[in-house]
Amino acid sequence: MTSVADIVEQLEHLYDDLNAESIDALDSLYCDDVSFVDPIHHVEGLDNLKTYFRNTIKGVEYCHFAFADRARQGDDVFVTWQMRLKHPKLAEGREIVVPGTSHLKLENDKILSQTDYYDAGAMLYEHLPFIGFVINKVKTRVKSS
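Residues numbered from 1 in each chain as written. Predicted model: local features only at pLDDT ≥ 70, side-chain atom pairs only at ≥ 80, totals over all residues. Heavy atoms only, no water.

1. Here's the deal with the overall build of the chain
The test is simple: Where helices and strands are cited, they refer to DSSP runs of H or I of at least four residues and of E of at least two residues respectively, numbered from the N terminus. When accessible area is computed with a 1.4 Å probe and restricted to protein chains, residues below 20% of their type maximum are described as buried, those above 50% as exposed, and intermediate ones as partly exposed. By definition, residues are in contact when any of their heavy atoms lie within 4.5 Å. In this description, accessible areas are obtained by the Shrake-Rupley approach with a 1.4 Å probe, and a residue is regarded as covered only by the protein chains that are shown.
The helix and strand tally for the chain stands at 5 helices and 6 strands. Order of helices (α) and strands (β) in the chain, N terminus to C terminus: α-α-β-β-α-β-β-β-β-α-α. Taken across its 145 residues, the chain has 39% of its residues classed as buried. Pairs at least 24 apart in sequence give 49% of the contacts found in the chain among residues at least 6 apart. Surface accessibility of the chain: about 8,600 Å² in total, with carbon and sulfur atoms responsible for 53%.

Structure representation (structure tokens):
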């Protein structure tokens, strides 16, 4: 039987440098019928999760996750992390840093579901040319109110 600490350690290792090789290794971590939810997508099934991740990292120079805190209650595990992402079409090619939390539900020593919580605007929308300009204008108005 795999311990929760082992599962989280494996998660941290695979996400430390999210790339094609680590995506191929997701079989050892996730159930075949995994449910994955983040602010941008909802994916059902391991094959669909792999496809989602492969599409997500296209054009990415790097995507690293640094994990911090862990908490567990029964089969529920919560981990906090900081993602560092660099993509030539986002933030004028500068590194983007986004903090987040994942809620994992475990079953039979694997992850049955994962829900990621993070600010999608800070990760993506604020760094797109036109949309980012509009979001920054709105933020400026809110701050000065």
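Next comes the rest of the write-up.
2. Some points on the pattern of salt bridges
Filter applied, for reference: When a carboxyl oxygen of Asp or Glu is within 4 Å of a side-chain nitrogen of Lys or Arg, the pair counts as a salt bridge.
Under the definition given, this model contains 6 salt bridges. Across the pair Lys-105 and Asp-76 runs a salt bridge, and its minimum N-O distance is 2.9 Å. Linking Lys-105 in strand 5 (residues 96-107) with Asp-76 in strand 4 (residues 76-86), this pair joins segments that are 29 residues apart in sequence.

3. Quick look at the environment of Tyr-117
Mapped onto the elements of the fold, Tyr-117 is located in strand 6 (residues 110-118). Separated by 78 residues in sequence, Tyr-117 and Pro-39 have C-alpha atoms that sit 6.8 Å apart. Not counting the four nearest positions on each side in its chain, Tyr-117 is found in contact with Trp-81, Pro-99, Gly-100, Thr-101 and His-103.

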